[in-house]
Amino acid sequence: MGIYLGINIDHIATIRQVRGTNYPSLVEAALLCEKSGADSITLHLREDRRHIQDADVEILRDKLTTKMNLEMAATDEMITIASKIKPQYCCLVPEKREELTTEGGLNVTSQISKMRDICIQLKMSNIIVSLFIDAQKDQIDAAKQCGADVVELHTGHYANATNETQLTELEKIKIMATYASSIGLQVNAGHGLTLGNTTNIAKLAEIVELNIGHSIISRAVFVGLRTAIQEMKNLMINARQ
């Protein structure tokens, strides 16, 4: 079974927003990502609009040739936007205004009724719903109970760990990826993945797609976006062979 790569382009927008310019172009970046091997484009429309803007989502929805994966908080505002734009995928993530990046997975178990209602609303717009969660059985069970189609396992704890701790985190992801797949959920993964730590995650046969942004955009500063994407895609493909 192959493995897919979703490229998160948030930090290309970050560069643009720092100076308040109309460049670098998100459309040019997204199309280059697709031409370079990306299987989907991820963008996170945050409540504070720190990088991706509403207009970016609207314009890219019509321009992308692969799939749009819209990351967003589980709020009424975001549900309304998603229902209007109709991306192919929505990934619901936890969000705090003061955080630099998403710090962990959604606590689905504490809000099953709310998340079930959101899944129903999004599916009415023919959107495939993904929940970004930690690799924990209770969260996976809750995601299934809510009617989610996909779980994206948070790999940040693994990525930030070293030595035996990292191996322990990897084993958790492996076990939970197998479990989630066994109950009919598509399994994606992402957060903190780099050329140095992605191979072990990409080897897990149950994982369908990896969503990676910051490390690829950072690498692109030195080698260019096309090369940075191709390096990661080749690493992932080789890991499956």
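Residues numbered from 1 in each chain as written. Predicted model: local features only at pLDDT ≥ 70, side-chain atom pairs only at ≥ 80, totals over all residues. Heavy atoms only, no water.

Looking up the chain in an unreviewed UniProt entry gives the name Pyridoxine 5'-phosphate synthase, with the organism given as Candidatus Vesicomyosocius endoextente. UniProt, in the comment section headed Sequence similarities (unreviewed entry), describes the chain in these words: "Belongs to the PNP synthase family." What UniProt states about the chain under its Subcellular location (unreviewed entry) heading is, verbatim, "Cytoplasm". (UniProt positions renumbered as here; feature names shortened; annotations may be inferred.)

Trainee: Provide a residue-level description of the environment of Ala189, including the pertinent values.
Mentor: Relative to the elements of secondary structure, Ala189 occurs in strand β7 (residues 186-190). Among the residues examined, Ala189 registers a relative accessible area of 0% and is labelled buried. For the pair formed by Ala189 and Thr227, sequence separation is 38 residues and the distance between their alpha carbons is 22 Å. When neighbours within four sequence positions are excluded, Ala189 is seen to be in contact with Glu152, Leu153, Thr155, Ile201, Ile207, Glu209, Leu210 and Asn211. (Helix = DSSP H or I, 4+ residues; strand = E, 2+ residues; numbered from the N terminus. Buried < 20%, exposed > 50% of the residue type's maximum accessible area, 1.4 Å probe, protein only. Contact = heavy atoms within 4.5 Å.)

Trainee: Any chance you could break down the layout of surface pockets for me, citing the residues and the numbers?
Mentor: Empty space among the atoms can be located by rolling a probe the size of a water molecule over them. In this structure, the second largest pocket occupies an estimated 170 Å³ of space. Ile12, Ile15, Pro24, Ser25, Glu28, Ala29, Leu32, Ile217, Ala220, Val221 and Leu225 are the residues that line the second largest pocket. For the lining of the second largest pocket, the secondary structure elements donating two or more residues are α1 (10-19), α2 (26-35) and α10 (214-223). (1 Å grid on protein atoms, 1.4 Å probe; cavity = no way out; pocket = protein on both sides within 12 Å on 5 of 7 lines; lining within 4 Å. Points joined across faces, edges and corners; volume = space filled by probe spheres on them.)

Trainee: Give a description of the side chain of Asn188 that names residues and reports values.
Mentor: With respect to the helices and strands, the residue Asn188 is situated in strand β7. A residue is classified by how much of its surface remains accessible, and Asn188, at 4% relative accessible area, is buried. Within the structure, Asn188 has its side chain in polar contact with the side chain of Gln186 (distance 3.0 Å). Among all residues touching Asn188, those that are not within four sequence positions of it are Val150, Val151, Glu152, Leu153, Ile207, Val208 and Glu209. (Polar contact = N/O pair within 3.5 Å; in protein donor to acceptor, adjacent residues only side chain to side chain.)

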